[in-house]
Amino acid sequence: MAKVKITETILRDAHQSLIATRMKTEEMIPILEKLDEAGYYSLEMWGGATYDASLRFLNEDPWERLRTIRKKVKKTNLQMLLRGQNILGYKHYADDVVEEFVKRAVGNGIDIIRIFDALNDIRNLKVALETTKKEGAHAQAAISYTISPVHTTDTYIKLAKDMENMGADSICIKDMSGLLTPYYAYELITALKGAVKIPLELHSHATSGLASMTYLKGIEAGVDIIDTAISPFALGTSQPPTESFVATLENTGFDTGIKLDKLNEIAEYFKPIREKSMESGLLNPKVLGVNINTLIYQVPGGMLSNLVSQLKMQNALDKFDEVLKEVPRVREDLGYPPLVTPTSQIVGTQAVLNVITGERYKMIPKEVKAYVKGMYGKPTVPIKEEIVKKIIGDEEVITCRPADLIKPELQSIRNEMKEYLEQEEDVLSYALFPQVATNYFKYRRALKYNIDSEVVDMSQKVYAV
């Protein structure tokens with residue numbers, strides 16, 4: 001038995017999962033020192049959707065958030081989530097952009113980078129992982145966990161060994177849909193602990209109602225770290241509650257060493273923010289319940305709401321059940337990809353089109369074609385020849401790492417946006433979200449030069465996206 005470490009997700013995944021990543025930096029600042037004193041292994045506080053949401057909805061510079069948190073948090077590791085070669089965007093970027101992003105993230109205060117790829121194609125983790133290590137930070141490789149006829153314990157053992165051989169400092173089982181069941185978690189983690197020597201972390205969501213039980217069985221099997229959320233922003237589509245696990249493990253061989261009274265102070269701080277989110281409608285009670293469809297169709301909570309909005313736009317909400325049944329069929333056709341950004345959108349959109357048009361693959365989005373061509377990486381199993389033919393005809397499927405086809409682009413991006421350049425990190429914001437970043441840069445400029453005038457209020461109306 002060994003002490004279990006805790007990664008607190010309140011500053012990133014908890015509010016991303018429950019209130020669409022809308023927590024502001026100013027709401028975080030007053031509690032940062034208490035979070036730092038609590039005894040967590042790490043605070044997950046950056047990456048994922050926080051970067052996009054800061055620029056797009058909050059008129060905030062994500063780099064300034066990172067620097068602000070780093071100034072206040074002196075003892076605890078700061079952790080971020082990175083989508084491998086996609087960085088924090090939705091497509092692959094050139095290696096020089098990935099390297100520069102990782103350098104700047106570590107340089108501004110990140111200690112641990114969790115790196116995942118939607119297809120578990122480890123070639124897409126390589127550059128980010130190697131740069132993280134080179135910059136002196138902890139590189140955690142994440143397995144995007146899913147279930148299918150071709151995803152077996154052996155699949156995950158091979159993946160974990162490959163990650164360890166690539167130089168990962170630890171491995172996270174990233175169960176983004178809450179699909180990992182308690183007894184299988186025990187079996188899988190026991191097998192992984194026997195196969196690799198580096199620490200294992202377990203990340204899940206309470207969407208299906210299983211996550212707390214899964215964590216407990218994972219702990220019994222020897223998992224080293226678990227991801228939890230302070231109770232006001234726990235459960236539903238978020239993580240299990242931090243306090244419950246600290247209490248459960250107290251006075252056992254797994255004792256976290258964290259004191260409940262410290263956590264209570266932190267929870268009290270976040271309660272009014274939760275209430276305010278409920279009153280404004282930002283926190284929808286629907287995301288707080290148990291959604292068993294996740295287990296039946298392997299569809300993450302966020303993807304379900306995406307499907308609903310796509311069908312509403314087509315006035316076809318009555319076809320929701322049909323689309324849910326079509327999702328696993330499309331997923332099988334496309335070689336069983338895990339359903340996480342961007343593959344969840346790729347599979348979901350194709351399933352909607354198949355149902356609405358009444359004919360499978362009559363309409364095919366460009367993202368689906370790019371996926372079949374290998375532009376996102378290698379699927380779990382090869383796509384059947386007839387499906388390839390139906391989707392891309394006689395076009396060639398690439399077998400190299402997709403980023404090998406992208407020329408260095410950092411300098412040309414810098415030239416393109418130089419009129420707005422105030423810090424080197426601005427180049428990266430523009431690289432990931434050109435239009436959104438430009439709107440933010442205009443807002444920032446208006447704020448800077450009209451600080452005492454009414455134009456500031458106007459700028460917020462004009463440039464807030």
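Parameters at a glance
Residues numbered from 1 in each chain as written. Predicted model: local features only at pLDDT ≥ 70, side-chain atom pairs only at ≥ 80, totals over all residues. Heavy atoms only, no water. Helix = DSSP H or I, 4+ residues; strand = E, 2+ residues; numbered from the N terminus. Rg over C-alpha atoms; globule rule 2.2 N^0.38 Å. Buried < 20%, exposed > 50% of the residue type's maximum accessible area, 1.4 Å probe, protein only. Areas by Shrake-Rupley, 256 points an atom, 1.4 Å probe, with all protein chains shown as cover. Lys, Arg positive; Asp, Glu negative; His and termini not counted. Charge placed at Lys NZ, Arg CZ, Asp CG, Glu CD. Phe/Tyr/Trp six-rings, centres within 6.5 Å; stacked < 30°, edge-to-face > 60°. Lys NZ or Arg CZ within 6 Å of the ring centre and 35° of its normal. Pairing = 2+ DSSP bridges. Right-handed = clockwise from strand over helix to strand, strands pointing away. Salt bridge = Lys/Arg side-chain N within 4 Å of Asp/Glu carboxyl O. Expected span 1.5 Å × (residues − 1). Contact = heavy atoms within 4.5 Å. Core = buried A, V, L, I, M, F, W, Y, C linked by side-chain atoms within 4.5 Å.

Caption draft 1: Representation of the overall build of the chain in the model. Looking only at helices and strands, the chain features 22 helices and eight strands. The globule rule puts the C-alpha radius of gyration for 465 residues at 23 Å, and the 22 Å found for the chain is close to it. Expressed along its principal axes, the backbone C-alpha trace of the chain runs to roughly 60 × 60 × 50 Å. Per-residue burial for the chain yields a buried fraction of 57% across its 465 residues. Only carbon and sulfur atoms are counted for the fraction: they give 52% of the accessible area of the chain, which is about 19,400 Å². If the 58 positive side-chain charges of the chain are averaged to one point and the 63 negative ones to another, these points end up 2 Å apart.

Caption draft 2: Region of interest: the packing of aromatic side chains. Enumeration according to the criterion identifies 16 aromatic pairs in this entry. For the pair Tyr215 and Phe245, a centre-to-centre distance of 5.6 Å together with 55° between the ring planes defines the contact as tilted. Pair noted here: Tyr215 is in helix 10 (residues 211–220) and Phe245 is in helix 11 (residues 242–249), with a separation of 30 residues, a long-range link. Note on accessibility: Tyr215 and Phe245 belong to one class, buried. These aromatic residues form a ring-pair network of at least three members: Trp46, Tyr51, Trp63, Tyr90, Phe101 and Phe433. Residue placement shows Arg22 over the ring face of Phe57; its charged tip is 3.7 Å from the ring centre. Directly above the aromatic system of Tyr186 lies the positively charged group of Lys217, at a separation of 5.0 Å from the ring centroid.

Caption draft 3: Quick peek at the environment of Gly39. Within the secondary structure, Gly39 is located in the loop between helix 3 (32–37) and strand 2 (42–47). With a relative accessible area of 44%, Gly39 lands in the partly exposed category. Placed 271 residues apart in sequence, Gly39 and Gln310 show a C-alpha to C-alpha distance of 43 Å.

Caption draft 4: Representation of the pairing of strand 5 (residues 138–144) in the model. Taken across its seven residues, strand 5 has seven buried, putting it largely inside the fold. Across the two faces of strand 5 the burial is the same, with His138, Gln140, Ala142 and Ser144 and Ala139, Ala141 and Ile143 all buried. In this sheet, strand 6 (residues 170–175) lies alongside strand 5 in parallel orientation, the contact comprising five bridges. Counterpart to Ala142 in the pairing with strand 6 is Cys172. Handedness of the crossover joining strand 5 and strand 6 through helix 8 (residues 153–166): right-handed.

Caption draft 5: Up close: the pattern of salt bridges. Throughout the structure, instances matching the rule amount to 35 salt bridges. Two residues, Lys271 and Glu268, come together in a salt bridge whose shortest N-O distance is 2.8 Å. Placement of both Lys271 and Glu268 in helix 12 (residues 260–280) is noted, with a separation of three residues, approximately one turn of the helix. Taking the relative accessible area as the measure of exposure, Lys271 reaches 38% and is therefore partly exposed. Linking Asp404 and Arg401 is a salt bridge whose minimum nitrogen-to-oxygen distance equals 3.0 Å. Through salt bridges that share partners, Asp61, Glu64, Arg67, Glu100, Arg104 and Glu425 make up one connected network.

Caption draft 6: Looking closely at helix 16 (residues 343–357). Here helix 16 contains 15 residues, and its C-alpha end-to-end distance of 21 Å stays within 8% of the 21 Å for a straight helix at 1.5 Å per residue. With eleven of 15 residues buried, helix 16 lies mostly within the body of the structure. Buried-residue contacts for helix 16 involve helix 14 (301–313), helix 15 (320–333) and helix 17 (366–372). Positive backbone phi, at 80°, marks Gly358, one or two positions downstream of helix 16.

Caption draft 7: Local environment of the nonpolar core. Judged by nonpolar contacts, the single largest core of 104 residues is most densely connected at Tyr40, Trp46, Tyr51, Leu82, Phe101 and Phe270. Sequence-distant contacts of Tyr40, defined by excluding residues within four places in its chain, comprise Ile6, Glu8, Leu35, Thr76, Ile230, Thr242, Ile258, Leu263 and Ile266. Formed by 31 residues, the second largest nonpolar core is a distinct cluster that contains Leu307, Val327, Leu339 and Tyr371.

Honestly, that's just the spatial picture; any functional story needs more than this.
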